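Fold and geometry: a report
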Amino acid sequence: MTESLRRSGAYENPQGDAYQGAYPQQQHASSHVDPQWPAPPAYQPAQPVAQTATDGGHGGGTALLPTVPADADPAPKKKRTRGPFALLAAVAIVAAAVGGGTAYAFQELTGKDTVATSSTTTNVVPSSKKGDVAAIAAAVSPSVVEINATLSNGSSTGSGVIITSGGEIVTNNHVISGASSIKVTTSDGKSYTAQVVGTDSSKDLALIKLQNASGLKPAALGNSSGVQVGDTVVAIGSPEGLTGTVTSGIVSALSRDVTVSTDENQGQSQGGGGGQWPFQFGGQQFNGDTGSSTTTYKAIQTDASLNPGNSGGALIDAGGNIIGINSAMYSSSQQSSSSSDAGSIGLGFAIPINTVKSDLAKLRAGSGS
């Protein structure tokens, strides 16, 4: 703040030489009156107030400002009103302080069944347990389910992630595509019947809803744009029907172009080990032929062990936030008859969670593309 400095003597002698020319001092009635001056007034003239102009903080001359008579009413002060703009400003400040939880809290107050979202700085697990696989598994496993879809030619087993307490679940489109019925099992062993709400084959995503479900634990959807190569990740799903299987690894690469089939029932296998999806990467086919109808998306690559049945499950960061939906994995059992070569070889892909969040409105609207 710029401080105005009073010049020496500016206020010490208000009737001094600086003011004699403007307002001469009143003379005694018995003294000689110079005829060139008018008679003195019957009252003491108001004295000017010297105000030192700051001149933008660089100093300046002394300005003479007339004083306001003592009996004059001061100009009324305008009363500041707290209108909509002030209220909006206050709300904006609160929102900035709260961060990612603001929208979720507002939707809770409006009574909507909402998705729990968080930034990458929010920890589902305690800060002291960040990166601890056991703590992450304990916190997130109740939000991951096993999905069994009955198909016209058999069945498919996959996984899903609970995103609302009322039973909305995100999974892969290829897990439930062409299903005549869907059964979902939660981590505590409860079974529910589910209906398809919407699908998006271009992103290999689907949204299903459990019937007569409430009080479920939704997962916290993180921010996949903050993911870096080398970050610790945990995968939870139901490979080969083994519910709640936990594996861990790192993010191996980002923005991998993964091509998958959009044909209904393409790659669905009979029996309990479904959910294995043919995909194309780097010009090569994996797990079968993707067919003529395909789509390509940017995926997170991980070396966390993924196997058939992990499709639709959760890829989780060190803080316990969902950063991806596991969708494709390479299984060498398709290339070799030797059982010793079967299973994951550390080449798995997940759909970034930001892609999922941006697609939720379309899925909820019942899109079936």
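Residues numbered from 1 in each chain as written. Predicted model: local features only at pLDDT ≥ 70, side-chain atom pairs only at ≥ 80, totals over all residues. Heavy atoms only, no water.

Let us look at the environment of V140. Residue position: V140 is located in helix α4 (residues 133-140). When its relative accessible area of 2% is taken as the criterion, V140 is described as buried. Residues V140 and I322, 182 residues apart in the sequence, show an inter-C-alpha distance of 8.8 Å. For V140, the residues in contact, after removing those within four places along its chain, are I236, I316, G320 and I322. (Helix = DSSP H or I, 4+ residues; strand = E, 2+ residues; numbered from the N terminus. Buried < 20%, exposed > 50% of the residue type's maximum accessible area, 1.4 Å probe, protein only. Contact = heavy atoms within 4.5 Å.)

Our next topic: the sheet that holds strand β4 (residues 154-162). Ordered in space as β3-β4-β5-β8-β7-β6, the six strands form a closed barrel in which the pairing is antiparallel. The mean inter-strand angle of the sheet, taken between neighbouring strand axes irrespective of direction, is 40°. The pairing of β4 with strand β5 (residues 168-171) spans two bridges and is classified as antiparallel. The partner of I162 across the bridge, within β5, is I169. (Pairing = 2+ DSSP bridges. Axes fitted to C-alpha atoms, helices over the stretch in contact; angles between N-to-C directions.)

When strand β9 (residues 232-237) meets strand β10 (residues 245-261), the two strands line up antiparallel, connected through six bridges. Bridge pairing in β10 places T232 opposite I250. Note that β10 and strand β11 (residues 279-281) share two bridges and pair antiparallel. Paired with T259 across the strands is Q280, a residue of β11.

Among the residues of α4, A135, I136, A137, A139 and V140 are the ones counted as buried. At the N-terminal boundary of α4, the capping side chain belongs to D132, with an oxygen 2.9 Å from the backbone nitrogen of A134. (Polar contact = N/O pair within 3.5 Å; in protein donor to acceptor, adjacent residues only side chain to side chain.)

Following the sequence through the fold, L216 ends up in the loop between β8 (205-210) and β9. Looking at L216, the relative accessible area reads 13%, which means it is buried. When the C-alpha positions of L216 and T164 are compared, they lie 7.2 Å apart, and in sequence the two are 52 residues distant. In contact with L216, not counting residues within four places along its chain, are I162, T164, S165, G167, Y192 and L210.

Moving on to unusual backbone geometry. Positive phi, normally seen in glycine, also occurs at D204, with a value near 55°. Within the secondary structure, D204 is located in the loop between β7 (191-200) and β8. By relative accessible area, D204 is classed as buried at 2%. Even without a glycine there, the phi angle at N212 is positive, about 60°. The residue N212 is located in the loop between β8 and β9 in this model.

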